[in-house]
Amino acid sequence: MNPDIAATALTAAREAAAAAAEVIEHYWRRGVEVELKSDATPVTIADREAEQAIRRVLQMALPQASIYGEEYGLDGERGGLLWLVDPLDGTKSFVRRTPFFSTQIALMDGDELVLGVSSAPVYGETMWASAGNGAWFEGERVRVADTARLAQASISTGNVKTLTGDSRWDALGALIRDSNRIRGYGDFCHYHLLARGSLDLVIESDVNILDIAALAVIVREAGGVFTDLDGAPPTLDTTSVLAGTPAIHAQALQRLRR
């Protein structure tokens, strides 16, 4: 991608996340009514208005790019420059008054994820990254830990419902037994911890690309490895995650391969 376009895009993504944060914090204070979408997942006025705010900023800054959002779908073509937007990832947490929700904005150039912004306004964290320019947490560059031995590793799981019925469930159990510590931070939180060296491996079996596209860029630019559970790089069809320090990711992938 042209460096000038990349710089414009990153600035726009950060501004869009800030605009969404204003909407989300407004409704966080006053509360919202909850509706159910056709797939039985919750949605609120905060989700919709936050996405609208994001789209306004992104369209103005980069009109040649398409936008694929959680609430309003695809505007434009899937090829070329494509924004991936989840305005309020973690709506279930939002409506239950727990701060584990975030705004996720990523940009794809063809098949490559080239930038990501992950903003958790109520939790008080923002991370961003762009291809070749590292990962940043509140203005400071971050890197994954240098953990190399599984016995030293801290592991976090997110949504693993599908994995419970998978042949790899026993392999996950053995992986946990051989590790140092297991937690379930979930959502944006464990990816932020991984990128800044506070965690060594993240495992999820039930995600949407909009949930994790920005986080994939952040982990990668922090020196980590981010794939699905089969070791493939993320695409628009990705539904699982194995992310970690290079050494721990390699060991976990070997154990979890079908």
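Residues numbered from 1 in each chain as written. Predicted model: local features only at pLDDT ≥ 70, side-chain atom pairs only at ≥ 80, totals over all residues. Heavy atoms only, no water.

Asks: Looking at this structure, I do not really get the domain arrangement of the protein chain. What am I missing?
Replies: What the domain assignment reports for the protein chain is domain 1 (3-133) and domain 2 (150-257). Listed per partner, the contact involves 34 residues of domain 1 and 21 residues of domain 2. Of the roughly 2200 Å² buried at the junction of domain 1 and domain 2 (both faces included), carbon and sulfur atoms supply 66%. Three residues, Phe100, Leu113 and Met127, lead the burial of domain 1 against domain 2; their summed loss comes to 26% of the area buried on that side. Where domain 1 touches domain 2, the interface holds one salt bridge. For the side of domain 1 that touches domain 2, the secondary structure elements donating two or more residues are β3 (66-69), β5 (81-89), β6 (102-109), β7 (112-120) and β8 (125-130). The residue makeup of the side of domain 1 that touches domain 2, split by class, is 20 nonpolar, nine polar and five charged. (Domains from an automatic or database assignment. Contact = heavy atoms within 4.5 Å. Buried area = accessible area lost by both parts, 1.4 Å probe. Salt bridge = Lys/Arg side-chain N within 4 Å of Asp/Glu carboxyl O. Helix = DSSP H or I, 4+ residues; strand = E, 2+ residues; numbered from the N terminus. Nonpolar A, V, L, I, M, F, W, Y, C, P; charged D, E, K, R; others polar.)

Asks: Teacher, can you tell me more about the UniProt feature "binding site: Mg(2+)" (unreviewed entry) in the protein chain here?
Replies: The UniProt entry lists Glu70, Asp86, Leu88, Asp89 and Asp211 under the feature "binding site: Mg(2+)" (unreviewed entry), expressed in the numbering used here. In terms of the greatest pairwise C-alpha distance, the residues named above, spread along 142 residues, form a tight cluster of at most 9.3 Å across. Here Glu70 is to be found in the loop between β3 and β4 (73-75). Residue Glu70 is classed as partly exposed on the basis of its relative accessible area of 28%. Sequence-distant contacts of Glu70, that is, excluding residues within four places in its chain, are made with Lys37, Glu51, Val85, Asp86, Pro87 and Leu210. (UniProt positions renumbered as here; feature names shortened; annotations may be inferred. Buried < 20%, exposed > 50% of the residue type's maximum accessible area, 1.4 Å probe, protein only.)

Asks: Just to check I follow, could you spell out the sheet that holds β8 for this structure?
Replies: What links the strands of a sheet is backbone hydrogen bonding, and the strands pair in either a parallel or an antiparallel sense. The strand order across the open sheet formed by eight strands is β4-β3-β5-β6-β7-β8-β9-β10, and the pairing between neighbours is mixed. Taken across any chain shown, the strands that pair with only one partner, and hence form the sheet edges, are β4 and β10 (140-142). Across the sheet, the mean angle from the axis of one strand to that of its neighbour is 20°, orientation sign disregarded. Judged from the seven bridges that link them, β6 and β7 form a sheet pairing that is antiparallel. Bridged to Met108 within β7 is Leu113. Seen against the sheet, helix α2 (residues 45-61) touches β3, β4, β5 and β6 and runs at an angle of roughly 150° to β5. Contacting β3, β5, β6, β7, β8 and β9 (135-137), helix α6 (residues 209-221) crosses the sheet at an angle of about 105° to β7. (Pairing = 2+ DSSP bridges. Axes fitted to C-alpha atoms, helices over the stretch in contact; angles between N-to-C directions.)

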